[in-house]
Amino acid sequence: MSRRGALRRLAAHEGRWQRSLLWWVARRRIGVAPGERALGYAAAQAAFVYGLAFVCVVETVGLSVLLAGAPVVHGVLLVLDVYTVLMVLGFQAAAVTRPHVLGAGDLRLRDGARQELRIPLGRITSVRHDLRFSREGARAGGGVAEFAVGGQTSVTVELSEPVVLEGLLGCRTAVGTVRFHADDARAAVRALREAVAADGSPGDAAGAGGAAVTRP
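Worth saying up front: this structure is predicted, and the values here are computed from it rather than measured.

Turning our eyes to something else, we now look at helix H1 (residues 3-25). With 23 residues, H1 should cover 33 Å at 1.5 Å per step; its first-to-last C-alpha distance of 34 Å lies within 8% of that length. Taken residue by residue, H1 has Gly 5, Ala 6, Arg 9, His 13, Arg 16, Trp 17, Ser 20 and Leu 21 as its buried positions. Residues of H1 that are buried make contact with helix H3 (71-97) and strand S8 (152-166). Positive backbone phi, approximately 60 degrees, marks Arg 27, located one or two places after H1.

Next up, the structure:
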């Protein structure tokens, strides 16, 4: 990908988490239509994020006191510190306002404002509660995609055909197994199994059409 294309994607990501702050204040969710079920995942990281935001605020106040005699440096660092606090809160806001979404024909998994993976229900062969720990957030490799939150995933989905996960900078990876976290993992598994059964497409049959990857 060209440098210009990468910059456009990063700018779009910045815009998404900033808009998420506004939706968070308004207590609204993005991309959840009437009749669709939101599967939240933000609770597992809330304590860490709020703790980090508190530390950033304390640092901002401390630097303001120390640099009171240097107004130019103080002004520059104040802007950077305030932006850092907003970015940390935006990380949580994006997770709250952009939950995983179980629709009539697909499951949409999200990693806050970074990326979204759309899985047709007809391609799902199995769903199970499966608590695993991971060192990274959203990542893909070896045919497996992980949407970890708080260092863990709790639901594993196996597919009859791979779907394509597109990363923040446009890297595309085909995956046949997807692991994600849900705050109420067992309820998410039940709801997803019911949706697959109601979809009418046998889980062990190839789903029709291509896999779609979108970005909120």
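Attention now goes to unusual backbone geometry. Positioned with a positive phi, Arg 27 is a non-glycine residue whose angle comes to about 60 degrees. Relative to the elements of secondary structure, Arg 27 occurs in the loop between H1 and strand S1 (37-39). The class for Arg 27 is exposed, based on a relative accessible area of 78%.

This paragraph deals with the packing of helix H2 (residues 43-66) against H3. Their axes nearest at 10 Å, the elements H2 and H3 cross at an angle of 170 degrees. Of the possible angle classes, the one that applies to H2 and H3 is roughly antiparallel. Each of Gln 45, Ala 46, Val 49, Tyr 50, Leu 52, Ala 53, Cys 56, Val 57, Glu 59, Thr 60, Leu 63 and Ser 64 in H2 lies in contact with H3, whose residues at this interface are His 74, Leu 78, Asp 81, Thr 84, Val 85, Val 88, Leu 89, Phe 91, Gln 92 and Ala 95.

What follows deals with empty space enclosed by the protein. Scanning the entire structure with this criterion turns up 1 cavity of 30 Å³ or more. Along the walls of the largest cavity sit Tyr 41, His 100, Arg 110, Asp 111, Phe 147, Ala 148 and Val 149, which together make up its complete lining. Tallied by class, the residues present in the lining of the largest cavity amount to 4 nonpolar, 1 polar and 2 charged.

Here we take up the packing of aromatic side chains. Throughout the structure, instances matching the rule amount to 1 aromatic pair. Ring centres of Trp 17 and Tyr 83 lie 5.8 Å apart, and the angle between their planes is 65 degrees; this geometry places the pair in the edge-to-face category. Placement of the pair is Trp 17 in helix H1 and Tyr 83 in helix H3, with a sequence separation of 66 residues. Taking relative accessible area as the criterion, Trp 17 reaches 5% and is therefore assigned buried. A relative accessible area of 34% means that Tyr 83 is categorised as partly exposed.

Before going further, it helps to spend a moment on the side chain of Arg 110. Checked against the element boundaries, Arg 110 lands in strand S3 (residues 106-110). One polar contact links the side chain of Arg 110 to the main-chain carbonyl oxygen of Ile 30, over a distance of 2.8 Å. One polar contact links Arg 110 to Glu 116, side chain to side chain, over a distance of 3.2 Å.

Once that is clear, we can look at the pairing of strand S4 (residues 116-120). With 4 of 5 residues buried, S4 lies mostly within the body of the structure. Looking at chain direction, S3 and S4 are connected through 5 bridges and run antiparallel. By the bridge assignment for S4, Leu 109 is matched with Leu 117. Count of turn residues in the S3/S4 antiparallel hairpin: 5 residues, of which Gly 112 carries a positive phi of about 60 degrees.

Scanning the entire structure with this criterion turns up 13 salt bridges. The residue Arg 118 makes a salt bridge to Asp 106 at a minimum N-O spacing of 2.8 Å. Of this pair, Arg 118 sits in strand S4 while Asp 106 sits in strand S3; the two residues are 12 residues apart in sequence, bridging distant segments of the chain. The class of Asp 106 is buried, set by a relative accessible area of 14%. Salt bridges sharing partners connect three or more residues here, namely Glu 36, Asp 106, Arg 108, Arg 110, Glu 116 and Arg 118.

Basis of the calculations
- Residues numbered from 1 in each chain as written.
- Predicted model: local features only at pLDDT ≥ 70, side-chain atom pairs only at ≥ 80, totals over all residues.
- Heavy atoms only, no water.
- Helix = DSSP H or I, 4+ residues; strand = E, 2+ residues; numbered from the N terminus.
- Expected span 1.5 Å × (residues − 1).
- Buried < 20%, exposed > 50% of the residue type's maximum accessible area, 1.4 Å probe, protein only.
- Contact = heavy atoms within 4.5 Å.
- Axes fitted to C-alpha atoms, helices over the stretch in contact; angles between N-to-C directions.
- Parallel < 35°, antiparallel > 145°, perpendicular 65-115°, else oblique.
- 1 Å grid on protein atoms, 1.4 Å probe; cavity = no way out; pocket = protein on both sides within 12 Å on 5 of 7 lines; lining within 4 Å.
- Points joined across faces, edges and corners; volume = space filled by probe spheres on them.
- Nonpolar A, V, L, I, M, F, W, Y, C, P; charged D, E, K, R; others polar.
- Phe/Tyr/Trp six-rings, centres within 6.5 Å; stacked < 30°, edge-to-face > 60°.
- Polar contact = N/O pair within 3.5 Å; in protein donor to acceptor, adjacent residues only side chain to side chain.
- Pairing = 2+ DSSP bridges.
- Salt bridge = Lys/Arg side-chain N within 4 Å of Asp/Glu carboxyl O.

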